[in-house]
Amino acid sequence: MADLSTSLIHHPYKPPAGFESVAPGVHKASTIFFPTVAALRNRDWTHKTGYTYGLHGTPTTFVLEERLATLEGGRHCILVPSGLAAITLVSMAFLAAGDEVLIPDNAYGPNKAFAEAELKAWGITGVYYNAMDPQDLARRLSPRSRLVWMEAPGSITLEFPDLPALVEVVRAHPQAHPQGIVSALDNTWGAGIAFNAFDLGADISVHALTKYPSGGADVLMGSVITRDAALHQRIHFCHMRLGFGVGANDVELVLRGLPSIVLRYAAQDATTRELASWMQTLPQVERVLHPALPGSPGHEAWKRDCSAAACIFSAVFKPEFEPARIDAFCDALRLFKLGYSWAGPVSLCAPYDMPKLRQLGWPHQGGLVRFCLGLEAVADLKADIVQALPALTVSR
Ligand SMILES: *Cc1c(COP(=O)(O)O)cnc(C)c1O
């Protein structure tokens, strides 16, 4: 080939086979070549037996999927561009017009927002239930109920539900939907480490890989994991039709974070428990919400079902502190940055207006601040809170 561009594009050199290193290869592709037309026609894009198009998997995405399935004790894994996309994918894969989806009132907010906007527009009814009361779920299930979301613990407020009891209510529902009812768990907090979602009865586990698996606060990704092949196929086909692809460089970042996930989880668990227990002793604080603390909602279920806890807790301040003073306290923090997400290296905090976020009520008067611990020394984080506390009472 004489033409320079053609010879650069169709260059005959192939590196020797057999290369192995710690990091899996980063394969980037939209196009994947087929050797013959027959191979192109015969390639099965529904199984991990080959490659058809970058959107449907590369060696890089398959490696991450297999490792995540191992992490969570599942069999099949699908990658999506964010944790929220994992939630919406599951809802879209199972729900049709006329169906009902049940969502805990303390669930991750955007799950509720998706139900209230898109799902509603598609003729699907969202029903909120109190995840701390299995009988409340039992009362709200109907013959139209098709999908039940669970989250352990609740976002922001960290009530730990009795998951086996909720699953049992779903299984025992006498007027079941003709296509069955599916229990899907948002497993981001447990991350496959604190408890095994499938052993506790979940059919589907969604995970915001953005949090612990990445660990770097620099990538967005999600996964949907199942043990059941039929459930997986249904989600997989919906995923292919929706075109939810992930970039190889982002997958590489998650693969890089994964080997240290167990160590990071344990380290952040220890510092978070220490800081949460200490926070409980502060006179300004009415209540600390963290499932490993005795007296926190769902502590008994947490103790029975979990071996660890994630890096989040929330503090409910005494009602005498006005919302503006709580904002000032958050503004005065220096190591704790203001921002969303968690399980990265930097500690974060954010105040939440709880009554606005709850459709079934919220029991506390005082303002709530969620703290997400990074990897800083716990003594420094304590000192940061101590120096910011005066902002609760005096104008600076
Ligand atoms: C962060 C989070 C999500 C969403 O993940 P993104 O990747 O930010 O979309 C879903 N559920 C829970 C519990 C989360 O904490």
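This write-up is about the structure you can find in this document.

Cut-offs applied
Residues numbered from 1 in each chain as written. Predicted model: local features only at pLDDT ≥ 70, side-chain atom pairs only at ≥ 80, totals over all residues. Heavy atoms only, no water. Pairing = 2+ DSSP bridges. Helix = DSSP H or I, 4+ residues; strand = E, 2+ residues; numbered from the N terminus. Contact = heavy atoms within 4.5 Å. Axes fitted to C-alpha atoms, helices over the stretch in contact; angles between N-to-C directions. Near = heavy atom within 4 Å. Polar contact = N/O pair within 3.5 Å; in protein donor to acceptor, adjacent residues only side chain to side chain. Areas by Shrake-Rupley, 256 points an atom, 1.4 Å probe, with all protein chains shown as cover. 1 Å grid on protein atoms, 1.4 Å probe; cavity = no way out; pocket = protein on both sides within 12 Å on 5 of 7 lines; lining within 4 Å. Sits in = over half its atoms within 2 Å of the grid points. Nonpolar A, V, L, I, M, F, W, Y, C, P; charged D, E, K, R; others polar. Salt bridge = Lys/Arg side-chain N within 4 Å of Asp/Glu carboxyl O. Buried < 20%, exposed > 50% of the residue type's maximum accessible area, 1.4 Å probe, protein only. Disulfide = S-S within 2.5 Å. Expected span 1.5 Å × (residues − 1). Bend = angle between axes of the 7 residues up to and from the residue.

Here we take up the sheet that holds strand S10 (residues 337-338). Strand order across the open sheet formed by five strands is S8-S9-S12-S11-S10, with mixed pairing between neighbours. Strand pairing shows two members of the sheet lacking a second neighbour, strand S8 (285-289) and S10, which therefore form its edges. Across the sheet, helix H10 (residues 261-280) touches S8, strand S9 (312-317) and strand S12 (368-372), and the angle it forms with S9 is around 10 degrees.

Around the ligand sit 14 residues, and of these Gly83, Leu84, Asp186, Thr210 and Lys211 come closest. Within the backbone of Gly83, one N or O atom sits 2.7 Å away from an oxygen atom of the ligand. Interatomic distance of 2.5 Å between a side-chain N/O atom of Thr210 and an oxygen atom of the ligand. Considering the ligand on its own, with 380 Å² of exposed area, one finds that the protein chains cover 89% of that surface. With respect to the pocket detection grid, the ligand is positioned in the largest pocket. With three residues, helix H4 (residues 83-94) is the single largest residue contributor to the shell around the ligand. Here the residues of the shell around the ligand sort into six nonpolar, five polar and three charged.

Attention now moves to the pattern of salt bridges. Across all of its chains, the model carries 14 salt bridges by this definition. The residue Asp133 makes a salt bridge to Arg139 at a minimum N-O spacing of 3.5 Å. Judged by relative accessible area, Asp133 falls into the partly exposed class, the value being 26%. For Arg139, a relative accessible area of 58% puts it in the exposed group. A network of salt bridges, in which partner residues are shared, links Asp133, Asp136, Arg139 and Arg140.

Of all the five residues making up strand S1 (residues 76-80), four are buried; the element is thus mostly covered by neighbouring parts of the structure. With five bridges connecting them, S1 and strand S7 (residues 222-226) associate as antiparallel partners. Each residue of the ladder has a partner; that of His76, found in S7, is Thr226.

Counted residue by residue, strand S4 (residues 145-151) has seven buried out of seven residues, so it is predominantly covered. Pairing of strand S2 (residues 100-104) with S4 involves three bridges; the strand directions are parallel. Directly across from Leu102, in S4, lies its bridge partner Val148. Here S4 pairs with strand S5 (residues 182-186) via five bridges, running parallel.

Here the focus is the state of the cysteines. Tallied over the full model, the rule gives zero disulfides. There is no disulfide at Cys330, and the cysteine sulfur nearest it, in Cys349, is 4.1 Å away. By relative accessible area, Cys330 is classed as buried at 2%. Owing to a relative accessible area of 1%, Cys349 belongs among the buried residues under this scheme.

Further remarks concern the sheet that holds strand S3 (residues 125-129). The mixed open sheet is built from seven strands, whose spatial order is S1-S7-S6-S5-S4-S2-S3. Because the sheet does not close on itself, it has two edges, and the strands there are S1 and S3. Put simply, the sheet's adjacent strands are angled 20 degrees from each other on average, direction ignored. The strands touched by H4 are S1, S4, S5, strand S6 (204-208) and S7; relative to S6, the strand with the most contacts, the crossing angle is about 155 degrees. Contacting S1, S4, S5, S6 and S7, helix H8 (residues 229-242) runs over the sheet at an angle of about 20 degrees to S1.

For the rest of this paragraph, the subject is helix H5 (residues 109-121). Three or four residues apart is the spacing at which side chains of an α-helix point the same way, because the helix has 3.6 residues per turn. Between the first and last C-alpha of H5 there are 18 Å, a value that for 13 residues agrees with the 18 Å anticipated at 1.5 Å per step. At Ala115, H5 is bent by approximately 35 degrees, the largest bend along its length. For H5, the set of buried residues is Asn111, Lys112, Phe114, Ala115 and Leu119. For H5, the elements touching its buried residues are H4, S2, S3, S4 and helix H13 (354-357). Gly123, located one to two residues past H5, shows a positive phi value of around 80 degrees.

These figures capture arrangement, not role.
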